[in-house]
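Close look at the chain arrangement
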Amino acid sequence: MGNVEAHDFAPVRADERNVLDLSRKVTPKQYVRHLNGQPHDACLTELPWSIRDSVCLYEKMTVAFNAITEIPVELPLRLPHLSCLHLNHNQIASLPESFGLFFHLKEIQLQHNKLSSLPDSFVHLVKLEKIDLSYNELRLLPKEMGFMESLRRLNVIHNKLVELPVSLGASSCPITVLLAQQNRLESPSQAICEEGSQATLQCLRKMHSSLKPEIKPTPINVFPRHCGNRSESGVSNPHSAQIQYIQEQTNTLHTTNRIKAPLLPPPDACCHSPFVLQDKIIGLIYGAAIGDAIGISCQWMSDDEVLFHYGPADEDLEYDKIVQDEHRVLWRQGDWTSNFDQFMLVMESLVSWGGVVDELEFARRLKKWVSHGFPELGDSAGVLTSPTLQKVVSHQSFTEDPHSSAALVLQENSPQAPRLSPVLENGTEGASDNVSVSINTSPSPSQESSPPTSPLPSNQPQQMFHNNNNHRRLRRLSSNSSSLSSLSICSHVEVAQKLMDTTPSALSCCFGEDSTALVRSAVLGIPNFHNTHEVESNTVRICRTTHAHPKCIASCIIVSSIVSLLLQGNESSSNSVLAEQLRNIFSRAATYLTDDADKEELCNLMGKKDLSSFGARDSDKMRHCYKLVQITVIALLWTGDFKSLVSELTRMGGDSSSNSCMAGAIMGCRIGYSRLPPAWLIGLRKRQVTWLNSRVNHLLDIMGSP
């Protein structure tokens, strides 16, 4: 059938069909008023829906001297042949990431707008020859701007630029005219730029020639993406997958799309491209798995033991070097611990119910895991990691009313613990904007389909569920009897009892304040990451399933909120802006605390930004929830790479498995799956990786990821 042109503009001759003129003609007096921010009442404030809702074949569009404030994200798909775009003298503050899909664009005029930055995709406009960005509020240009293949003329007069990309001085850059007067330039100096185009280009070329050859980093790891009933995204032209993704985003209200991808974010959900967002989500998941699997190597060891078994700090930690002592003998090399098990329990619960976060479904899944573990991985049981979990999961009404069960257990075992605020107990999260978290006592969709789970055996000793995160799922013990013969064991209970002898005695923190709920909270930053209130509500409901202590609730909110911030792409490279973003997150979390001293203690963690202040072996705080809050902040601000942070945390001992798992999740979300250490990624157990990949792909499917 071909493309169909559908719009309601007056008919034009065939020789005029390639031009769409929506600009206003202004008198000299109107021009001055327009520049002073007083546009005429007849000015357009948005593009007509006729253009946004249908495909048009125009090659040139001019919308000058209007009051347009934004460019619709779907516009490149509606004007696929556009080569010339005039948007000058409007009020546009930003360009959508999809702007890079104007594949045929040769000229663009954006002068006299309010642009403060350009999207990363801007440099993908390989046919763009002439760019006018003068009289805006630009503070930075893309560093790769000099790599644009056809760029000849660039005008950035009267902006707020501090530096120009050195790449504009590369010998391969075809630019011939560069106007950069009336800025705040330091590199090259503004005085040089005031001399004109040739002086500016000559200085940039000298600067570029003095640089050492730079090796452009390339993605190391490629995730095996399989998109449900669609083809894989690893096609020769990734832009086709991106176009499909954007088309789906622009129709997020359509019922069909919501059924297929219930967690598909709206077009303005984040600043990342679809592939960067996907990379960060996978990085979060695999970063947590790697951190957990590496972290076990030094758990509960002293400095001398770490040095003896693994050498000095400059020697790499590897899975095959993990010492097989009584504490670590139940872990196969490259396997994760129960930290990541519970992380995956939340993720499986989320995926199983199409993105719905339901505490009743999670409670039943947790109960089942305690009895059976993950049978697909050869589990025979799941091992609880704290007295809090043991008592809550054993409560008779846990699967029917987990919130009340957790609250009752907390009051019975820690009478001095602060009660939940009255607002929270009545069903609203702290001081939030009336976000309901009322306890759901009605049967969930999973009640009929989920098999019944047996209660914990009453004859199991209390020690098995003590605060010992060293216990691994008892995975395929019968097939590993030779490796375990030195333990002289004959049952799971005896294994747990034997391992208790290798666990430091002073590990406990106040009842209900342990860190068990925090690692799994990182997953809750993914669904509806663009809606901070939804993230907070989901986090509170899942945390209260097992941990009702306000300190735990506040800590979990900080973790999921930081993940949400990273996925939105709103974290700033400016220290002052990022500090303000952290203050807002901590202030929000502190509303769940009723004691001023607790609030002060929590907010003080913002000032502990490096490992020098992290006491991994503090005997009474090793597994306190605030420990992982501190690690989350450190990982967010860490200036080194993934490997350096996880290695340093692991070598510090203490509960290094939990610590490194949390650090790995945050760092993985920051840098993405493609930048994770290849050796640590490849070293994970193949069976676990295959199992994990299928679940990650399912999560990406319901998010509509390409």
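Residues numbered from 1 in each chain as written. Predicted model: local features only at pLDDT ≥ 70, side-chain atom pairs only at ≥ 80, totals over all residues. Heavy atoms only, no water.

Secondary structure assignment for the chain yields 26 helices and seven strands. Expressed as a percentage of the 706 residues in the chain, the buried residues total 56%. For the chain, the exposed area adds up to about 29,800 Å²; of that, 51% sits on carbon and sulfur atoms. (Helix = DSSP H or I, 4+ residues; strand = E, 2+ residues; numbered from the N terminus. Buried < 20%, exposed > 50% of the residue type's maximum accessible area, 1.4 Å probe, protein only. Areas by Shrake-Rupley, 256 points an atom, 1.4 Å probe, with all protein chains shown as cover.)

Geometrically, the link from S187 to P188 is a cis peptide bond, its omega value of -10° lying close to zero. Relative to the assigned elements, P188 resides in the loop between β7 (177-179) and α4 (190-194). Phi is positive for Y135, which is not a glycine, with a value near 55°. With respect to the helices and strands, the residue Y135 is situated in the loop between β5 (130-132) and β6 (153-155). Take Y135: its relative accessible area is 32%, and that puts it in the partly exposed class. One non-glycine residue, W300, adopts positive backbone phi at about 70°.

Now for the sheet that holds strand β2 (residues 60-62). Spatially, the seven strands line up as an open sheet ordered β1-β2-β3-β4-β5-β6-β7, and their pairing is parallel. Among the strands making up the open sheet, the edge pair consists of β1 (19-21) and β7. Across the sheet, the mean angle separating the axes of adjacent strands is 5° when strand polarity is ignored. (Pairing = 2+ DSSP bridges. Axes fitted to C-alpha atoms, helices over the stretch in contact; angles between N-to-C directions.)

Here the focus is the pattern of salt bridges. All chains considered together, the criterion is met by 16 salt bridges. Among the ionic pairs, R695 bridges to E376, the shortest N-O distance being 3.1 Å. On the criterion of sequence distance, the pair formed by R695 in helix α26 (residues 686-702) and E376 in the loop between α11 (359-372) and α12 (387-394) is long-range, its members being 319 residues apart. Accessibility expressed as a relative area gives 19% for R695, which makes it buried. A salt bridge links E601 to K551; its shortest N-O distance comes to 3.8 Å. Here K551 lies in helix α19 (residues 550-568) and E601 lies in helix α21 (residues 596-603), a separation of 50 residues in the sequence. A residue is classified by how much of its surface remains accessible, and K551, at 9% relative accessible area, is buried. (Salt bridge = Lys/Arg side-chain N within 4 Å of Asp/Glu carboxyl O.)

What follows concerns helix α22 (residues 625-637). End to end, α22 covers 19 Å across 13 residues, agreeing with the expected 18 Å (1.5 Å per residue, within 8%). Among the 13 residues that make up α22, 12 are buried, leaving the element largely enclosed by the rest of the structure. Among the residues of α22, those classed as buried are C625, Y626, K627, L628, V629, Q630, I631, T632, V633, I634, A635 and L636. Residues of α22 that are buried make contact with α17 (516-521), α19, α20 (575-590), α21, α23 (642-651) and α24 (656-671). (Expected span 1.5 Å × (residues − 1). Contact = heavy atoms within 4.5 Å.)

By size, the foremost hydrophobic cluster in this structure holds 124 residues, and its most contacted members are Y286, L602 and L699. The element best represented in this core is α19, accounting for 12 residues. Other than its neighbours up to four places away in sequence, L602 contacts A554, I558, F586, A589, A590, L593, Y626 and V629. V63, L85, V123 and L128 belong to the second largest nonpolar core, which has 48 residues in total. (Core = buried A, V, L, I, M, F, W, Y, C linked by side-chain atoms within 4.5 Å.)

Per the counting criterion, the structure on display carries zero disulfides. No disulfide involves C556; its nearest neighbouring cysteine sulfur is the one of C543, lying 3.7 Å away. (Disulfide = S-S within 2.5 Å.)

Before going further, it helps to spend a moment on the packing of α22 against α24. Running from N to C, α22 and α24 cross one another at 35°; their axes reach a closest spacing of 9 Å. Classified by chirality, the crossing of α24 by α22 is right-handed. Touching L628, I631, T632, A635, L636 and L637 of α22 are S658, N659, M662, A663, I666, M667 and R670, all from α24. Partitioned by chemical class, the residues of the contact of α22 with α24 number nine nonpolar, three polar and one charged. (Left-handed = near helix turned anticlockwise from the far one by under 90°. Nonpolar A, V, L, I, M, F, W, Y, C, P; charged D, E, K, R; others polar.)

Turning our eyes to something else, we now look at a nonpolar patch on the surface. A surface patch of nonpolar side chains, amounting to about 240 Å² of accessible area, comprises Y31, V32 and L35. Accessibility expressed as a relative area gives 40% for L35, which makes it partly exposed. (Patch = residues over 30% accessible without salt bridge, like charges linked within 9 Å, V, L, I, M, F, W, Y side chains within 5 Å.)

Residue position: Q111 is located in the loop between β4 (107-109) and β5. As for Q111 and N90, which are separated by 21 residues in sequence, their C-alpha atoms are 8.4 Å apart. Apart from residues lying up to four places away in sequence, Q111 is in contact with N88, H89, D132, S134, Y135 and N136.

The next thing to look at is the packing of helix α10 (residues 338-352) against α11. Axis separation between α10 and α11 bottoms out at 10 Å; the angle between their running directions is 135°. The orientation of α10 relative to α11 falls into the category oblique. Seen from above, α10 lies across α11 with right-handed handedness. Residue-level inspection shows S338, D341, Q342, L345, V346, E348, S349 and S352 of α10 in contact with α11, the latter providing E361, F362, R365, L366 and W369. For the contact of α10 with α11, the class distribution of residues is five nonpolar, four polar and four charged. (Parallel < 35°, antiparallel > 145°, perpendicular 65-115°, else oblique.)

We now examine the confidence of the model for the chain. Mean pLDDT for the chain: 80, with 78% of residues reaching 70 or above. Note on residues 425-502: pLDDT under 50 across the span, and 188 contacts to partners over four residues away in sequence or across chains. (pLDDT = per-residue confidence, 0-100.)

Our focus in this paragraph is the packing of aromatic side chains. By convention here, two paired aromatic rings are described through the distance between centres and the angle between planes. This model, assessed by the stated rule, comprises 11 aromatic pairs. Centre to centre, the rings of Y286 and Y673 are 5.3 Å apart; their planes meet at 70°, and the pair counts as edge-to-face. With Y286 in helix α8 (residues 274-295) and Y673 in the loop between α24 and α25 (678-682), this residue pair connects regions lying 387 residues apart in the sequence. Given the relative accessible area of 2%, Y286 is considered buried. Aromatic pair W336 and W691: ring centres 6.1 Å apart, planes at 40°, arrangement tilted. (Phe/Tyr/Trp six-rings, centres within 6.5 Å; stacked < 30°, edge-to-face > 60°.)

Tracing the backbone through its elements, the reader meets Q630 in helix α22. Given the relative accessible area of 4%, Q630 is considered buried. Excluding residues within four positions of it along the chain, Q630 makes contact with L605, K608, D610, S613 and F614.

A few words now on the side chain of R78. Its place among the elements puts R78 in helix α3 (residues 75-78). As a buried residue without a salt bridge, R78 has its nearest oppositely charged side chain in E74, at a separation of 5.6 Å. Among all residues touching R78, those that are not within four sequence positions of it are I51, R52, D53, S54, V55 and C56. (Lys, Arg positive; Asp, Glu negative; His and termini not counted.)

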